[in-house]
Number of protein chains: 2
Amino acid sequence: MKKIEVVQNVLEANETIAKRNQQLLDKHKVFVINIMSAPGAGKTSLILQTLRTLKDKLNIGVIEGDVASTVDAEKVQNEAEAVVQINTRNMPESCSLMAVMIESALKDMPLDKLDLVLIENLGNLICPAEFTLGEHKRVLIASLPEGDDKPIKYPLIFVDADAVIINKMDLLPHVDFDIAAFRGSVSGLNPDADVFQISCKTGQGIEQWCSWILQQVESHAMKR
Amino acid sequence: MKKIEVVQNVLEANETIAKRNQQLLDKHKVFVINIMSAPGAGKTSLILQTLRTLKDKLNIGVIEGDVASTVDAEKVQNEAEAVVQINTRNMPESCSLMAVMIESALKDMPLDKLDLVLIENLGNLICPAEFTLGEHKRVLIASLPEGDDKPIKYPLIFVDADAVIINKMDLLPHVDFDIAAFRGSVSGLNPDADVFQISCKTGQGIEQWCSWILQQVESHAMKR
């Protein structure tokens, strides 16, 4: 039973720091979206498309989470107002970004200049579901080549998502993926999730996704 | 420092049970391969192709690891000699199969009737690198749509693999993936890894992969 206690303590400590992060963000009027997916589903590509589409409307910072390397941060650094790289190590407990890592990263961000921060979580469909970071919205990307059974196999991360993005729509003619079945599984787990069908490669659906972001940022600002 | 100690204890306990698993397997002359990948890279499809190709040569059991659901076990149950499903839960520490789960699963397998057990690990490129299960060989599947930068971003799981499979070769005309760059990154991290280019959809490369398995099983049997 000891192991469970340790895990519970880690999750509770994470929750406390996540709340502190959100208070800091709200004080500076910064909206934060936590972007999660399996490896290679298109988190960095989505962030790049979002930066390019919204750069005249919002000042956007990016926190790049990776086990190793800075390749993603290098890709976005010319498009974003500010970029902070977090490299976790290959420790079994670092299979997700954690609130304490975001707390550190926010210290390196010009919060007063920013409207929106996009967090690219580690490529993983298991752990990030458990660790809130202080974000206002959680977005999950699923991509067609992964198959339409992911909601059945990794349910928790779908249950907690505010939006689910189906990426790589350009590959639809070449893979077996039943969009209706996937959407049905998602709405069974999470009827309130907004679902977008996009292709970061062709630009399909990016406008609707960016409109959703603008709505979220505005409605959050009005509530405060 | 407490957290690190706990993690170390978990890994050491895992290692002890993994060694015990391997002793049991060697006693019963069963060879075990641990198959790892990101979600949707094709672990179940590879297992199905392997079962179909080798069923006249080896008696094969399968251990299916999933966070939730039994869809993979259902897919393979008609082709394998024996199938055991492990469902981990959405606990942060269960982002990999662990040796203790395999110890339980092996109790439900007819070991005296089997030559080979294929373990399908959870879809994750981080945690499974840390947890040995008692397997004789570790195989990592990377699939083209994930992108060619995975060895740079998730190095540890590549360092420890005995074989790396590049799956979904049929999608090569439709995705940006530099095979030479990927193979270069893999051999930089792990010059001894055997690399196979396959498509579970078209059957490309399956014969070479199955020949590799037969060689491994035979050379292990000769050493004992």
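The coordinates are above.
Parameters at a glance
- Residues numbered from 1 in each chain as written.
- Chains lettered and ligands numbered in written order.
- Predicted model: local features only at pLDDT ≥ 70, side-chain atom pairs only at ≥ 80, totals over all residues.
- Heavy atoms only, no water.
- Contact = heavy atoms within 4.5 Å.
- Buried area = accessible area lost by both parts, 1.4 Å probe.
- Salt bridge = Lys/Arg side-chain N within 4 Å of Asp/Glu carboxyl O.
- Polar contact = N/O pair within 3.5 Å; in protein donor to acceptor, adjacent residues only side chain to side chain.
- Helix = DSSP H or I, 4+ residues; strand = E, 2+ residues; numbered from the N terminus.
- Pairing = 2+ DSSP bridges.
- Axes fitted to C-alpha atoms, helices over the stretch in contact; angles between N-to-C directions.
- Least-squares fit on C-alpha atoms with pLDDT ≥ 70 in both.

## A closer look at the interface of chain A and chain B
Okay, step 1: Taken together, the 46 residues of chain A in the interface contact 46 residues of chain B.
Okay, step 2: Carbon and sulfur atoms supply 64% of the area that chain A and chain B bury against each other, a total of about 3700 Å² over both sides.
Okay, step 3: At the boundary of chain A with chain B, the tally comes to 4 salt bridges.
Okay, step 4: One salt bridge in this structure joins D72(A) and K153(B), with 2.8 Å as the shortest N-O distance.
Okay, step 5: The interface formed by chain A and chain B includes 9 residue pairs in polar contact (both at pLDDT 80 or more).
Okay, step 6: Sorting the residues of the side of chain A that touches chain B by element identifies α1 (2–27), α3 (71–76), β4 (116–123), α5 (150–153) and α6 (155–159) of chain A as the ones contributing at least two each.
Okay, step 7: If one sorts the elements of the side of chain A that touches chain B by residue count, α1(A) sits on top with 6 residues.

## Comments concerning the sheet that holds strand β6 (residues 163–167) of chain A
All names here are of chain A.
Okay, step 1: Taking strand neighbours across the sheet as the criterion, the 7 strands line up as β3-β2-β4-β1-β5-β6-β7 in an open arrangement whose pairing is parallel. Each edge of the sheet is formed by a strand with only one pairing partner; in this case those strands are β3 (82–87) and β7 (194–197). Averaged over all pairs of adjacent strands, the angle between their axes in this sheet comes to 20°, without regard to strand direction.
Okay, step 2: By the bridge criterion, 4 bridges tie β6 to β7 in an arrangement that is parallel. What sits directly across from I166, in β7, is Q197.
Okay, step 3: Here helix α2 (residues 43–54) sits on the sheet and contacts β1 (31–37), β2 (60–66), β4, β5 (137–143) and β6; the angle it forms with β4, its principal contact strand, is near 170°.
Okay, step 4: Against the sheet, helix α8 (residues 206–223) contacts β1, β4, β5, β6 and β7, and its axis sits at roughly 140° relative to β1.

## Observations concerning the relation of the copies chain A and chain B
Okay, step 1: Superposition of chain A onto chain B requires a rotation of 180° combined with a translation of 0.0 Å along the rotation axis, giving an RMSD of 0.0 Å. With respect to symmetry, the two chain copies, as superposed, fit the operation of a two-fold axis.
Okay, step 2: Comparing contact sets, 100% of the residues at the interface of chain A also lie at the interface in chain B, consistent with an isologous, same-surface contact.

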